[in-house]
Amino acid sequence: MTAVLGASDRAAVLRRRIRVVVAITIGWNVVEAVVALLAGRAASSAALIGFGLDSVVEVLSAAAIAWQFAAPDPEKREKVALRVIAVSFFGLAVYVSVDAVLSLLGVREVEHSPVGIAIAALSLVVMPFLSWFERRTGRELGSASAVADSKQTLICTYLSAALLVGLLLNALLGWAWADSVAALVIAVLAGREGVEAWRGDACCAAPVSALTGVREAEGCRDDCCAPARRTES
């Protein structure tokens, strides 16, 4: 009985941690989205605009997780949260793809963006830590939606790298097409993660009831979430 109560207390701590990291993620991405979208519009940069929209998607994704874990029983809201994350990914992929193709066709001329370079570099520092913390917590809790959201945050890191490379190539070598290529990389990654979130492949999630020792967790298809072992009281 003591072991079960201890596991329940641990689950409560993990849920609070997820709420905290989600709040930080939302705050950061609101700032990131505003800066990137304004800079992208000023420079006609498909990659920067895509990055800004990804930050908006990240806000929606994190908000879905916040909504899920605001409930007494987060498991009941997990499927809806995953669907919101997936649809957000798909919307981002479609928009960025169209915008990148228009830029490649010469419909708009890409300009240099020092502000974009700065926000991309800063994101490379902040986002990996947020992703790691939420993913680690989500795995221990056995939450597929939290792990999916952490992957969305990790994608923001990849996008930051792609964006930074594209902007630097344009600024240093005048390769305007590099911006569009970076945007297409963003779109492909977003589409892939959208499919995984929709199918629930982000994590083989063990129910909270298993983590608290009420019943055994079923075996996972992969090593994403290691099944919790039942502790005898």
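Residues numbered from 1 in each chain as written. Predicted model: local features only at pLDDT ≥ 70, side-chain atom pairs only at ≥ 80, totals over all residues. Heavy atoms only, no water.

Draft legend 1. Fine view of the nonpolar core. Within the largest apolar cluster, 46 residues are counted, with the highest numbers of intra-cluster contacts made by Ile18, Leu48 and Leu163. Those elements that provide at least two residues to this core are helix H1 (2-43), helix H2 (46-69), helix H3 (78-104), helix H4 (114-141), helix H5 (144-173) and helix H6 (177-199). The leading source of residues in this core is H5, at ten residues. Filtering out sequence-adjacent residues up to four positions away, Leu163 remains in contact with Ala47, Leu48, Phe51, Gly116, Ala120 and Ala182. (Core = buried A, V, L, I, M, F, W, Y, C linked by side-chain atoms within 4.5 Å. Buried < 20%, exposed > 50% of the residue type's maximum accessible area, 1.4 Å probe, protein only. Helix = DSSP H or I, 4+ residues; strand = E, 2+ residues; numbered from the N terminus. Contact = heavy atoms within 4.5 Å.)

Draft legend 2. Summary view of the packing of H2 against H4. At a minimum axis separation of 13 Å, H2 and H4 run at an interaxial angle of 25 degrees. One finds that H2 runs roughly parallel with respect to H4. In this structure, the crossing between H2 and H4 has a hand that is left-handed. In this structure, H2 uses Leu48, Phe51, Ile65 and Phe69 to contact H4, whose residues at the interface are Gly116, Ile119, Ser123, Glu134 and Leu141. Within the contact of H2 with H4, the residues separate by chemical class into six nonpolar, two polar and one charged. (Axes fitted to C-alpha atoms, helices over the stretch in contact; angles between N-to-C directions. Parallel < 35°, antiparallel > 145°, perpendicular 65-115°, else oblique. Left-handed = near helix turned anticlockwise from the far one by under 90°. Nonpolar A, V, L, I, M, F, W, Y, C, P; charged D, E, K, R; others polar.)

Draft legend 3. Representation of a nonpolar patch on the surface within the structure. Taken together, the side chains of Leu104, Leu168, Leu172, Leu173, Trp175, Trp177, Val181 and Val185 make up a nonpolar region of the molecular surface, amounting to roughly 760 Å² of accessible area. Secondary-structure elements contributing two or more residues to the nonpolar patch are H5 and H6. Tracing the chain through its elements places Trp175 in the loop between H5 and H6. (Patch = residues over 30% accessible without salt bridge, like charges linked within 9 Å, V, L, I, M, F, W, Y side chains within 5 Å. Areas by Shrake-Rupley, 256 points an atom, 1.4 Å probe, with all protein chains shown as cover. Salt bridge = Lys/Arg side-chain N within 4 Å of Asp/Glu carboxyl O.)

Draft legend 4. Inspection of the packing of H2 against H5 at higher detail. Axis separation between H2 and H5 bottoms out at 10 Å; the angle between their running directions is 165 degrees. Relative to H5, H2 is oriented roughly antiparallel. Crossing angle aside, the handedness with which H2 passes H5 is left-handed. Facing H2, whose interface residues are Ala47, Leu48, Phe51, Asp54, Val57, Glu58, Ser61, Ala62, Ile65, Gln68 and Phe69, H5 presents Ser145, Ala146, Asp149, Gln152, Thr153, Ile155, Cys156, Leu159, Ser160, Leu163 and Leu167. Of the residues assigned to the contact of H2 with H5, the class counts are 13 nonpolar, six polar and three charged.

Draft legend 5. Expanded view of H4. Helix length check: H4, at 28 residues, gives a terminal C-alpha distance of 41 Å against a target of 40 Å (1.5 Å per residue), a fit within 8%. At Leu124, H4 shows its largest kink, close to 30 degrees, and the proline Pro128 lies no more than four residues downstream. Those residues of H4 not exposed but buried are Gly116, Ile119, Ala120, Ser123, Met127, Leu130, Ser131, Glu134, Thr137, Gly138 and Leu141. Just downstream of H4 lies Gly142, where phi reads positive at about 85 degrees. (Expected span 1.5 Å × (residues − 1). Bend = angle between axes of the 7 residues up to and from the residue.)

Draft legend 6. Geometry of the confidence of the model for the chain. The share of residues in the chain with pLDDT of 70 or more is 81%, and the mean pLDDT across the chain is 75. Within the chain, the element-level pLDDT minimum falls on helix H7 (residues 208-211), averaging 32, and the maximum on H4, averaging 86. In the predicted structure, residues 203-233 sits below a pLDDT of 50 and forms 57 contacts with residues beyond four places in sequence or in another chain. (pLDDT = per-residue confidence, 0-100.)

Draft legend 7. Inspection of the packing of aromatic side chains at higher detail. Within this structure, the stated rule accounts for four aromatic pairs. With a centroid separation of 6.1 Å and 35 degrees between ring planes, the pair formed by Phe129 and Trp132 is classed as tilted. Remark: Trp132 and Phe129 occur in helix H4; sequence separation between them is three residues, near one turn of the helix. When the centroid spacing of 6.4 Å and the interplanar angle of 55 degrees are considered together, the rings of Trp132 and Phe133 count as tilted. In this structure Phe133 comes out as partly exposed when scored by relative accessible area, which is 25%. Here the basic side chain of Arg83 rests over the ring of Trp198, its NZ or CZ set 4.1 Å away from the ring centre. (Phe/Tyr/Trp six-rings, centres within 6.5 Å; stacked < 30°, edge-to-face > 60°. Lys NZ or Arg CZ within 6 Å of the ring centre and 35° of its normal.)

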